[in-house]
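Structural features, examined
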Amino acid sequence: DTGVSQDPRHKITKRGQNVTFRCDPISEHNRLYWYRQTLGQGPEFLTYFQNEAQLEKSRLLSDRFSAERPKGSFSTLEIQRTEQGDSAMYLCASSVAGRTGELFFGEGSRLTVL
Amino acid sequence: SQQGEEDPQALSIQEGENATMNCSYKTSINNLQWYRQNSGRGLVHLILIRSNEREKHSGRLRVTLDTSKKSSSLLITASRAADTASYFCATDATGANSKLTFGKGITLSVRP
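Summary of the structure given here. (Residues numbered from 1 in each chain as written. Chains lettered and ligands numbered in written order. Predicted model: local features only at pLDDT ≥ 70, side-chain atom pairs only at ≥ 80, totals over all residues. Heavy atoms only, no water.)

When its secondary structure is counted, chain B shows zero helices and 11 strands. Traced from its N-terminal end to its C-terminal end, chain B shows the element sequence β-β-β-β-β-β-β-β-β-β-β. Radius of gyration (C-alpha) of chain B: 13 Å, near the 13 Å computed for a compact globule of 112 residues. Dimensions of chain B, computed from the C-alpha atoms along their principal axes, are close to 45 × 30 × 20 Å. (Helix = DSSP H or I, 4+ residues; strand = E, 2+ residues; numbered from the N terminus. Rg over C-alpha atoms; globule rule 2.2 N^0.38 Å.)

Here we take up the interface of chain B and chain A. Contacts between the two partners involve 20 residues from chain B and, on the opposite side, 22 residues from chain A. Taken together, chain B and chain A are joined by two salt bridges. We note a salt bridge from E56(A) to K99(B), for which the minimum N-O separation is 2.8 Å. Where chain B meets chain A, there are seven residue pairs in polar contact (both at pLDDT 80 or more). Secondary-structure elements contributing two or more residues to the side of chain B that touches chain A are β4 (29-37), β5 (43-50) and β10 (100-102) of chain B. Taken together, the residues that form the side of chain B that touches chain A break down as six nonpolar, 10 polar and four charged. (Contact = heavy atoms within 4.5 Å. Salt bridge = Lys/Arg side-chain N within 4 Å of Asp/Glu carboxyl O. Polar contact = N/O pair within 3.5 Å; in protein donor to acceptor, adjacent residues only side chain to side chain. Nonpolar A, V, L, I, M, F, W, Y, C, P; charged D, E, K, R; others polar.)

Below, the discussion takes up the sheet that holds strand β7 (residues 65-68) of chain A. As a general point, the strands of a sheet are linked pairwise by backbone hydrogen bonds and lie either parallel or antiparallel. Residue and element names in this part refer to chain A. Reading across the sheet, the four strands line up as β1-β3-β8-β7 and stay open at both edges, with antiparallel pairing between neighbours. The open sheet is flanked by β1 (5-7) and β7, the only strands paired with a single partner. Taking each pair of neighbouring strands and ignoring which way they run, the sheet shows an average axis angle of 15 degrees. Of the pairings in the sheet, the one linking β7 to strand β8 (residues 75-79) comprises four bridges and is antiparallel in character. The residue bridging A67 from the neighbouring strand is L77, located in β8. (Pairing = 2+ DSSP bridges. Axes fitted to C-alpha atoms, helices over the stretch in contact; angles between N-to-C directions.)

Take the state of the cysteines next. Overall, the coordinates contain two disulfides over all chains when judged by the stated rule. Disulfide partner of C23(A): C92(A), at an S-S distance of 1.8 Å. Because the torsion about its S-S bond is -65 degrees, the bridge between C23(A) and C92(A) counts as left-handed. With C23(A) in strand β3 (residues 19-24) and C92(A) in strand β9 (residues 88-95), this residue pair connects regions lying 69 residues apart in the sequence. For the pair C23(A) and C92(A), one class covers both residues: buried. Note on cysteine connectivity: C23(B) is disulfide-linked to C89(B), with sulfurs 2.0 Å apart. (Disulfide = S-S within 2.5 Å. Buried < 20%, exposed > 50% of the residue type's maximum accessible area, 1.4 Å probe, protein only.)

Okay, the sheet that holds strand β6 (residues 55-58) of chain B next. Residues and elements named next belong to chain B. Sheet architecture is open: five strands sit in the order β1-β3-β8-β7-β6, paired in antiparallel fashion. Each having just a single partner strand, β1 (5-7) and β6 make up the two edges of the open sheet. When strand polarity is set aside, the average angle formed by the axes of neighbouring strands in this sheet is 20 degrees. Pairing of β6 with strand β7 (residues 61-66) involves four bridges; the strand directions are antiparallel.

Turning to the side chain of Q37(B), a few remarks are in order. On the secondary structure map, Q37(B) appears in strand β4. When its relative accessible area of 9% is taken as the criterion, Q37(B) is described as buried. Within the structure, the side chain of Q37(B) is placed 2.9 Å from the side chain of Q37(A), a separation counted as a polar contact. Looking at Q37(B), its side chain comes within polar contact range of the main-chain oxygen of R41(B), at 2.7 Å. Excluding its chain neighbours within four sequence positions, the residues that come into contact with Q37(B) are Q37(A), G42(B), L43(B), A85(B), S86(B) and F88(B).

Below you can see the structure in the form of structure tokens.
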């Protein structure tokens, strides 16, 4: 069990470019969550999947953001036409539906938009 | 939106002292959890307390929950320099399907 892994760990991009983050959850976990965290704040919920179904999306997730979990395993989070306000740490977490509710987080992908 | 509010925002103590952190929340919950985050890293789950529990222990951690006051406290006993981190409370609101809502966090500094 290697835990939740996220790639890349750091991404620096210019405003207007597209970026994609990948998350590989713990293998037997059927729920996968994306959170965004800005400096000095707690994580804010973006979206979550149960298997391949995207069950909820936050209003924070504008139409420039899209997340997928095509085979119910890894997930990608794409941000199109990045803005400076998108600079944040993007955290992925996974869990097993019906268990205690504890989330297992990855180390995060830090995005800097210049 | 963030449901939990932790108090204080920052805490600095000497190694060996106890650290007490408080969290208040707004809606009914299934459980409340505390997480720890070292600078620039992901969050690590510390302890979970269900809505029908009042107190729980895990090693040097003690968490209490008062659902009538919608508040929780986390006590770290005999603190160590390695406990220096940010601590977040997170609530699993009733009907939220285990989608956790986090507070802004408490920065704990333990001086050696």
